[in-house]
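Structural overview for review
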Amino acid sequence: MTDEAARADRGLGYAVNAPYYDLIFPAEARDALAGALRTLVPDARAVAEIGPGTGWFTEILAELADEVFAVEPARIMRAALTTCLARVPHLADRVTVLPEDALTVRLPVQVDAVVMFNLVMHFSPSERQALWEHWARALVPGGLLLVEHQYPQRAEPVPAATVPGRALGRRRYDVVTRADVAGDDLVRWVNTYRTWDGDDLVSAETAEFDCHVVSAERLASELADAGFEPRPAEGVHAWRRKEH
Ligand SMILES: C[S@@+](CC[C@H](N)C(=O)[O-])C[C@H]1O[C@@H](n2cnc3c(N)ncnc32)[C@H](O)[C@@H]1O
């Protein structure tokens, strides 16, 4: 596994990405994932969110569940998360932020759902096996594991595209993103975050992320091996921990 928390502490990866994260996340993708949570996780007792980042989905989970465990090892992302949570009393009451890693953290209770959005690409095949086994144990029997559709599905180049982002005051943000093949089932995303003032380019900063590629078929087979069964769902992959 690339240790993204350690890379961020060295000024790489999420250290570059964090100030732009909420400004450039495409609204349709976000709304689709939020809709899936609202359909699949209502009235949960406890849920875990792994790699919550700046906390967009954490806020939604806190509306749907009595208690949320947010597992975020990258200091810079955790700073955004705790700042957002601390300002809203009902979030502060419900969300416990844990700075450990997805493979080592231990929760005080079993959870009804585990949410892993935009995280799985950080884990190699052998680490994914450990990831599924770890979180199967953390779930109550019948509990749900939610993972977004992976892109790309094969290790192939993704041509550069500009994804428009939001504006804050006079400044507007976007990202130019592409992926190069970096190995077997591995791509390197190269993201350049740009800040504009009118037509003037104010700054451009680039972050790179090596990401493991896992097809839907492979995901299905790994999760079946780890004791999960698929549950039909719109917009995400949903898997239920088998009862026995
Ligand atoms: C692309 S962001 C996704 C944030 C959020 N889930 C979303 O979809 O908007 C990936 C997050 O996973 C976290 N992460 C990376 N490696 C991790 C690990 N081994 N355990 C837990 N979280 C990790 C990163 O720090 C980052 O906040």
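Residues numbered from 1 in each chain as written. Predicted model: local features only at pLDDT ≥ 70, side-chain atom pairs only at ≥ 80, totals over all residues.

**Quick word on the sheet that holds strand E3 (residues 95-98)**
The strand order across the open sheet formed by 7 strands is E3-E2-E1-E4-E5-E11-E10, and the pairing between neighbours is mixed. Sheet topology places E3 and strand E10 (228-231) at the edges, where each strand pairs with a single neighbour. Neighbour-to-neighbour, the strand axes of this sheet turn through a mean angle of 20 degrees, independent of strand direction. Where strand E1 (residues 44-50) and strand E4 (residues 111-116) come together, 3 bridges link them in parallel fashion. The residue bridging Glu49 from the neighbouring strand is Val115, located in E4. (Pairing = 2+ DSSP bridges. Helix = DSSP H or I, 4+ residues; strand = E, 2+ residues; numbered from the N terminus. Axes fitted to C-alpha atoms, helices over the stretch in contact; angles between N-to-C directions.)

**Some details on the site of the ligand**
In the vicinity of the ligand, 21 residues are found, and the nearest of them are Gly51, Gly53, Ala74, Ala102 and Asn118. Those elements that provide at least two residues to the shell around the ligand are helix H1 (4-9) and helix H5 (56-64). Among the residues making up the shell around the ligand, the classes are represented as 14 nonpolar, 4 polar and 3 charged. (Near = placed C-beta within 6 Å. Nonpolar A, V, L, I, M, F, W, Y, C, P; charged D, E, K, R; others polar.)

**A look at the sheet that holds strand E8 (residues 186-197)**
In spatial order, the strands read E6-E7-E8-E9; together these 4 strands make up an open sheet with antiparallel pairing. Only two strands of the sheet have a single neighbouring strand rather than two, namely strand E6 (158-168) and strand E9 (200-212). The mean angle between the axes of side-by-side strands here comes to 20 degrees, regardless of whether they run parallel or antiparallel. Here E6 pairs with strand E7 (residues 171-183) via 7 bridges, running antiparallel. Bridge pairing links Leu168 to Arg171 in E7.

**Topic: the domain arrangement of the protein**
Taken domain by domain, the protein consists of domain 1 (4-151 + 214-241) and domain 2 (158-212). One C-alpha centre belongs to domain 1, the other to domain 2, and the line joining them spans 23 Å. With 12 residues of domain 1 at the interface, the matching set in domain 2 holds 14 residues. Taken together, the elements giving at least two residues each to the side of domain 1 that touches domain 2 come down to helix H2 (14-17) and helix H3 (21-24). For the side of domain 1 that touches domain 2, a count of residues per class yields 9 nonpolar, 3 polar and no charged. (Domains from an automatic or database assignment. Contact = placed C-beta atoms within 7 Å.)

**Things to note about helix H8 (residues 125-138)**
The end-to-end C-alpha distance of H8, which contains 14 residues, comes to 20 Å, matching closely the 20 Å that a straight helix rising 1.5 Å per residue would cover. Within the sequence span of H8, burial applies to Arg128, Leu131, Trp132, Trp135 and Ala138. Down the axis of H8, the buried side of the element spans an arc of 125 degrees, and every buried residue falls inside it. (Expected span 1.5 Å × (residues − 1). Buried ≥ 20, exposed ≤ 12 C-beta atoms within 10 Å, placed from the backbone. Arc of directions from axis to C-beta.)

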